[in-house]
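# Fold and contact review
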Amino acid sequence: MAWFRKEKTPLEAVGEKNVKTEGLWTKCDGCRQIVWKKDLEEGGNVCPKCGYHFRLDARTRLQMLFDGEWTEFDQDLGSSDPLHFVDLKPYPQKLAAARKATGLRDALIAAQGTLASRPVAICSMEIGFIGGSMGAVVGEMIARSIDRCLAGNMPLVIVSASGGARMQEGAISLMQLAKVSGGLARMHERGIPYISVLADPTTGGVTASYAMLGDLNIAEPGALIGFAGPRVIQQTIRQKLPEGFQRSEFLLKKGMLDAIVPRKELKTYIARALDFCCAPTTASVTAS
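Cut-offs applied
Residues numbered from 1 in each chain as written. Predicted model: local features only at pLDDT ≥ 70, side-chain atom pairs only at ≥ 80, totals over all residues. Heavy atoms only, no water. Helix = DSSP H or I, 4+ residues; strand = E, 2+ residues; numbered from the N terminus. Buried < 20%, exposed > 50% of the residue type's maximum accessible area, 1.4 Å probe, protein only. Contact = heavy atoms within 4.5 Å. Core = buried A, V, L, I, M, F, W, Y, C linked by side-chain atoms within 4.5 Å. Pairing = 2+ DSSP bridges. Axes fitted to C-alpha atoms, helices over the stretch in contact; angles between N-to-C directions. Disulfide = S-S within 2.5 Å. Parallel < 35°, antiparallel > 145°, perpendicular 65-115°, else oblique. Nonpolar A, V, L, I, M, F, W, Y, C, P; charged D, E, K, R; others polar. Patch = residues over 30% accessible without salt bridge, like charges linked within 9 Å, V, L, I, M, F, W, Y side chains within 5 Å. Areas by Shrake-Rupley, 256 points an atom, 1.4 Å probe, with all protein chains shown as cover. Salt bridge = Lys/Arg side-chain N within 4 Å of Asp/Glu carboxyl O.

### Points about the side chain of Ser160
Among the secondary structure elements, Ser160 is positioned in strand 6 (residues 156–162). Relative accessible area serves as the criterion here: at 0%, Ser160 is assigned to the buried category. Setting aside anything within four residues of it in sequence, one finds Ser160 in contact with Met125, Val197, Leu198, Ala199, Thr202, Val206, Tyr210 and Ala211.

### A look at the nonpolar core
Residues Ile142, Leu156, Met187 and Tyr210 are the most contacted members of the largest nonpolar core, which totals 38 residues. It is helix 5 (residues 136–152) that contributes the most residues to this core, seven residues altogether. Beyond its immediate sequence surroundings of up to four residues, Leu156 is in contact with Ala121, Cys123, Ser145, Ile146, Cys149, Leu184, Met187, Pro193, Tyr194 and Ile195. In this structure, Leu104, Ile109, Leu115 and Ile122 belong to the second largest nonpolar core, which totals 23 residues.

### Here we look at the sheet that holds strand 7 (residues 194–202)
Pairing within the open sheet is mixed, and its seven strands lie in the order 3-4-5-6-7-8-9. Both outer strands of the open sheet, strand 3 (71–73) and strand 9 (259–260), are each paired with one neighbouring strand and no more. With six bridges joining them, strand 6 and strand 7 adopt parallel strand pairing. Counterpart to Val159 in the pairing with strand 7 is Val197. Contacts from helix 5 reach strand 3, strand 4 (108–115), strand 5 (118–125) and strand 6, with the element oriented near 25° to strand 4.

### Brief notes about the state of the cysteines
With the rule as written, the count across this model stands at zero disulfides. Left unpaired, Cys28 is separated from the closest cysteine sulfur, that of Cys50, by 3.6 Å. With a relative accessible area of 0%, Cys28 lands in the buried category. Sulfur of Cys123: no disulfide; nearest cysteine sulfur belongs to Cys149 and is 7.5 Å away.

### Here we look at the packing of helix 3 (residues 58–65) against helix 10 (residues 263–277)
Put simply, helix 3 and helix 10 touch, their axes get as near as 9 Å, and they point 55° apart. The angle between the axes of helix 3 and helix 10 places the two elements in the oblique class. Across the interface between the two elements, Arg61, Met64 and Leu65 from helix 3 touch Arg263, Leu266, Lys267 and Ile270 from helix 10. Here the residues of the contact of helix 3 with helix 10 sort into four nonpolar, no polar and three charged.

### Description of a nonpolar patch on the surface
Residues Leu24, Trp25, Ile34 and Trp36 make up a contiguous nonpolar surface patch of roughly 360 Å² in combined accessible area. With respect to the helices and strands, Ile34 occurs in strand 2 (residues 34–36). When its relative accessible area of 43% is taken as the criterion, Ile34 is described as partly exposed.

### Remarks on the pairing of strand 4
In terms of residue burial, strand 4 counts as a mostly covered element, since six of its eight residues are buried. Bridge analysis of strand 3 against strand 4 gives three bridges, and the strand direction is antiparallel. Within strand 4, the residue paired with Thr71 across the bridge is Gln112. By the bridge criterion, eight bridges tie strand 4 to strand 5 in an arrangement that is antiparallel. Of the residues in strand 5, the one forming a bridge with Ala110 is Cys123. Between strand 4 and the antiparallel strand that follows it, strand 5, lie two residues; Ala116 among them carries a positive phi value of about 55°.

Here it is in C-alpha cells:
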C-alpha cells in the first residue's frame, strides 16, 4: 500500500529545473540573522543588517585595495621544520594541509601595485593558513617588502589578521619581531609612510611588533586586537574585564588606535592618508 510505504512524489519543477537554495544563505555571527550571500559579497562581506565584518582571505583584501592587477613577490619561500615539531600532527603535515586549503605557500601575500593611482606595496595576511601565524617566511617576506619600499621610496601597507607568532618554529618565529621592527624603523627614518590595518583577529607577536608600529594604525570595526587573549588575562588577574575589552572600539577610546574605518571606506581612507603623508613640503622664506 502506497500510504503505508510513505511514497514521496518528486518536487515540482519550476522552469524545467528544481529550485536549489543550498549554500545561498549564511548566518551572521553578529546579529545571528540569515543573510543572502550575494548581498553579503556585494557589500564587501559586511552584514547589511548589523554591519558585522566577516573575515576575509588575503587575496580578496588585495582585490579590494589595489586598483587592478598587482605583482606578487617571494612566492617560492616555504617554511622548514627546524624543531621537528609534533603535536596532533607533524609540522610538515600541517604546512601541507594549509597549502592545499589556501593555495598559498605561507600565511602572507606580498604584492606591489597601485592604490588610487599611487604605487604601493601591500602585505596581506591569510588567517586560514595555520591561524595566520607568523613564522620565518612571513617575517622574511615582510622584511623584503620593506627593502623594496626603501629602494623605491614607496609606501607600505600591512593588513594583519593573525593569531601571533608560530609556536612550531619557536624562537625563530620570535626573531621576526625584531627583524621586521628594525626594517620599519629604517622606513621611519627615511620618512616613508607605513600604514597598518588591523583586522579580526590581530593578536600575539604580530600585535607586539609591526601591527602597532604604523605611522597610522587603522582597525576594522569589532576586530579583536591584543597580545594575550581576554580569557587568559581574566584567568590570570582573576577580575572581570570591561565590556568590549580588546575590541577595536575599546582600543580607540584608550588611544591605541588612530581610527576605525569600515571596510567599504578603507581604500579611500588609505588613499587620503597617503596623499597627506606623501605631500611635498615646500619651505617658503618671507623677506622681512
